[in-house]
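A closer look at the structure
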Amino acid sequence: MLQPKRVKFRKTHKGRRSGSAHAGATLAFGDYALQAMGSAWMSARQIEAARRAIVRSVRRGGKVWIRVFPDKSVTSKPAETRMGGGKGAPDHWVAVVKAGRILFELGGVDHDTAKEAMRLASYKLPFDTRFIAREAAAGTGSKGKELSAVED
């Protein structure tokens, strides 16, 4: 599973998840993408489960880009422990995802295959998502840079 090799500080503050994503909110690598519609912490296990769903769906074709990385540690104290005694030990790693963030990108496959792969991956995630495509890849436009949100 994904986690940083080393960090400057072991224990991080909770932070705030309000607002929408500015960085990482546009399609950069592939032709199709899965975009977050809500905010949440996405654990390393959820990222891996979604990645596996995409890879198994497209079989041997295509390339997958993971646009989020779990670089925030979440701490927890043992069960049935009395209050006090400081902050718990790092338990797992999460990626902070805000609304509008691109989570996964996919290239080298056709539209229907990509849509099905992203649908399967979305079931593994803790928030609503949407499938977006470049218009040139979707076959509706001539420019490669423009995006279209494909609604179900």
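Residues numbered from 1 in each chain as written. Predicted model: local features only at pLDDT ≥ 70, side-chain atom pairs only at ≥ 80, totals over all residues. Heavy atoms only, no water.

On to the packing of helix H1 (residues 44–58) against helix H2 (residues 111–122), then. Look at H1 against H2: their axes get within 8 Å of each other, and the N-to-C directions meet at 150 degrees. With respect to H2, the axis of H1 lies roughly antiparallel. Taken as a pair, H1 and H2 cross one another with a handedness that is right-handed. Residues Ala50, Ala53, Ile54, Ser57 and Val58 of H1 form the contact with H2, whose own contacting residues are Thr113, Glu116, Ala117, Met118, Leu120 and Ala121. Its residues placed into classes, the contact of H1 with H2 shows 8 nonpolar, 2 polar and 1 charged. (Axes fitted to C-alpha atoms, helices over the stretch in contact; angles between N-to-C directions. Helix = DSSP H or I, 4+ residues; strand = E, 2+ residues; numbered from the N terminus. Parallel < 35°, antiparallel > 145°, perpendicular 65-115°, else oblique. Left-handed = near helix turned anticlockwise from the far one by under 90°. Contact = heavy atoms within 4.5 Å. Nonpolar A, V, L, I, M, F, W, Y, C, P; charged D, E, K, R; others polar.)

Summed over all chains, the structure comprises 5 salt bridges. Glutamate 48 is the partner of arginine 52 in a salt bridge, and the nearest nitrogen-oxygen pair spans 3.2 Å. Here the residue arginine 52 and the residue glutamate 48 both occupy positions in helix H1, the gap between them amounting to 4 residues, near one helical turn. Owing to a relative accessible area of 21%, glutamate 48 belongs among the partly exposed residues under this scheme. Between arginine 67 and glutamate 105 there is a salt bridge whose closest N-O contact spans 2.3 Å. Here the residue arginine 67 occupies a position in the loop between strand E3 (63–66) and strand E4 (72–76), and glutamate 105 occupies one in strand E6 (residues 102–107), the gap between them amounting to 38 residues. In this structure, a network of salt bridges that share partners links the residues Glu48, Arg51 and Arg52. (Salt bridge = Lys/Arg side-chain N within 4 Å of Asp/Glu carboxyl O. Buried < 20%, exposed > 50% of the residue type's maximum accessible area, 1.4 Å probe, protein only.)

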